[in-house]
Amino acid sequence: MDAAGQESFRAFVAGRSSVLLKTAVLLSGGDRHAAEDLLQSALIKAAGRWQRIDEPEAYVRQILYRQQISRWRLKWRRREVTVAELPESGAADGAAGVELRLVMRGALARLTARQRAMLVLRYFEDLPEADVARILGCSVGTVRSTTHRSLARLRELAPELAGLGQAPAEQLPSRDFSPVEVRP
């Protein structure tokens, strides 16, 4: 790699590594150390092909997903580790927000790696089903069914998350479903 390529790679790593680390943490089930290893190996692979990469962030994300898939396919299962520290840094948003993030992270950590990856790709990365299927090497139907089962499992593991994003019942508009008179 020439000097200009090295400088552009350094700028990319400095500018995008924190965002890519968040994705890696979600893919690894909250294990920050495993996420750092995942991201580091993805960046090493990208550095080797840096001069030929058109869209660096998309390329590195693709490597992250594929490496995580390779880890699932290993014969042995590694025990998942939960951590107490969130990878995000932001303004204090109150105890309720922190509690919900902890509950969400704990529930995500209890999902399988495949279920977690489906949810990360579909909802955190906001990718369409076809793209998720292409990245994970499966069919669109598999993405749909696994996502459905993953969400059901997430609701089962953390029932306190079920009401998020929904208006309370008393705030919903009431509908009058009075019977309609049918004349012969």
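Just so you know, these numbers come straight off a predicted model, no measurement behind them.

## Topic: the overall build of the protein
- The helix and strand inventory of the protein stands at seven helices and zero strands.
- Start at the N end of the protein and walk to the C end: the helices and strands fall as α-α-α-α-α-α-α.
- For the protein, the residues scored as buried account for 34% of the 184 residues in total.
- Partitioning the intrachain contacts of the protein with sequence separation of at least 6 by distance along the chain shows that 67% fall at a separation of at least 24.
- Of the accessible surface of the protein, which amounts to about 12100 Å², a share of 54% is contributed by carbon and sulfur atoms.

## A look at the packing of aromatic side chains
- On inspection of all chains with the given rule, the structure shows two aromatic pairs.
- On the basis of an interplanar angle of 80° and a centroid distance of 5.0 Å, the ring pair of phenylalanine 9 and tryptophan 50 is categorised as edge-to-face. Taken together, the residues span a long stretch of sequence, with phenylalanine 9 in helix H1 (residues 3–27) and tryptophan 50 in the loop between helix H2 (32–48) and helix H3 (56–72) at a distance of 41 residues. Both residues of the pair, phenylalanine 9 and tryptophan 50, belong to the buried class.
- Aromatic pair phenylalanine 12 and tryptophan 50: ring centres 5.3 Å apart, planes at 45°, arrangement tilted. Highlighted residues: phenylalanine 12 in helix H1 and tryptophan 50 in the loop between H2 and H3, separated in sequence by 38 residues. With respect to class, phenylalanine 12 is no different from tryptophan 50; both count as buried.
- Among the aromatic side chains, those forming a connected cluster through ring pairs are Phe9, Phe12 and Trp50.

## Let's talk about H2
- Between its first and last C-alpha atoms H2 spans 25 Å; for 17 residues at 1.5 Å apiece the expected length is 24 Å, and the two agree.
- Within H2, the full set of buried residues consists of Ala34, Ala35, Leu38, Leu39, Ala42, Leu43 and Ala46.
- A distance of 3.2 Å separates the backbone nitrogen of histidine 33 from a side-chain oxygen at the start of H2, and that oxygen is part of aspartate 31.

## Considering helix H6 (residues 129–136)
- Within the sequence span of H6, burial applies to Val132, Ala133, Ile135 and Leu136. Along the axis of H6, the buried residues cluster in a sector spanning 165°; they form a single face.
- Once H6 finishes, glycine 137 follows within two positions and takes phi at roughly 70°, a positive value.

## Description of the confidence of the model for the protein
- Mean pLDDT for the protein: 79, with 74% of residues reaching 70 or above.
- Taken together, the stretch residues 167–184 has pLDDT below 50 and engages in one contact with residues farther than four places along the chain or on a different chain.

## Remarks on the pattern of salt bridges
- Following the criterion strictly, the structure yields six salt bridges and no others.
- Residue glutamate 57 pairs with arginine 61 through a salt bridge whose shortest N-O separation is 2.8 Å. Taken as a pair, glutamate 57 and arginine 61 lie in helix H3 at a separation of four residues, close to a single helical turn.
- Take glutamate 57: its relative accessible area is 21%, and that puts it in the partly exposed class.

## Side note on the packing of helix H5 (residues 113–124) against H6
- Where H5 meets H6, the axes come as close as 10 Å, and the angle between the chain directions of the two elements is 140°. Comparing their axes, H6 and H5 come out oblique. Judged by the sense of rotation from one axis to the other, the crossing of H5 with H6 is right-handed. When H5 is examined against H6, the residues Met118, Leu121 and Arg122 are found in contact with a partner set consisting of Glu129, Val132, Ile135 and Leu136.
- Among the residues making up the contact of H5 with H6, the classes are represented as five nonpolar, no polar and two charged.

## Looking at the nonpolar core
- Membership of the largest hydrophobic core comes to 30 residues, with the highest contact counts inside it found for Leu39, Val60, Leu64 and Leu136.
- Those elements that place two or more of their residues in this core are H1, H2, H3, H5 and H6.
- Ranked by residues supplied to this core, first place goes to H1 with seven residues.
- The contact partners of leucine 39, leaving out residues within four places of it in the chain, are Ser17, Leu20, Leu21, Val60 and Leu64.
- Core analysis: the next-biggest nonpolar cluster, separate from the first, contains nine residues, Val103, Ala107, Leu119 and Leu157 among them.

Reading the values: the criteria
- Residues numbered from 1 in each chain as written.
- Predicted model: local features only at pLDDT ≥ 70, side-chain atom pairs only at ≥ 80, totals over all residues.
- Heavy atoms only, no water.
- Helix = DSSP H or I, 4+ residues; strand = E, 2+ residues; numbered from the N terminus.
- Buried < 20%, exposed > 50% of the residue type's maximum accessible area, 1.4 Å probe, protein only.
- Contact = heavy atoms within 4.5 Å.
- Areas by Shrake-Rupley, 256 points an atom, 1.4 Å probe, with all protein chains shown as cover.
- Phe/Tyr/Trp six-rings, centres within 6.5 Å; stacked < 30°, edge-to-face > 60°.
- Expected span 1.5 Å × (residues − 1).
- Polar contact = N/O pair within 3.5 Å; in protein donor to acceptor, adjacent residues only side chain to side chain.
- Arc of directions from axis to C-beta.
- pLDDT = per-residue confidence, 0-100.
- Salt bridge = Lys/Arg side-chain N within 4 Å of Asp/Glu carboxyl O.
- Axes fitted to C-alpha atoms, helices over the stretch in contact; angles between N-to-C directions.
- Parallel < 35°, antiparallel > 145°, perpendicular 65-115°, else oblique.
- Left-handed = near helix turned anticlockwise from the far one by under 90°.
- Nonpolar A, V, L, I, M, F, W, Y, C, P; charged D, E, K, R; others polar.
- Core = buried A, V, L, I, M, F, W, Y, C linked by side-chain atoms within 4.5 Å.

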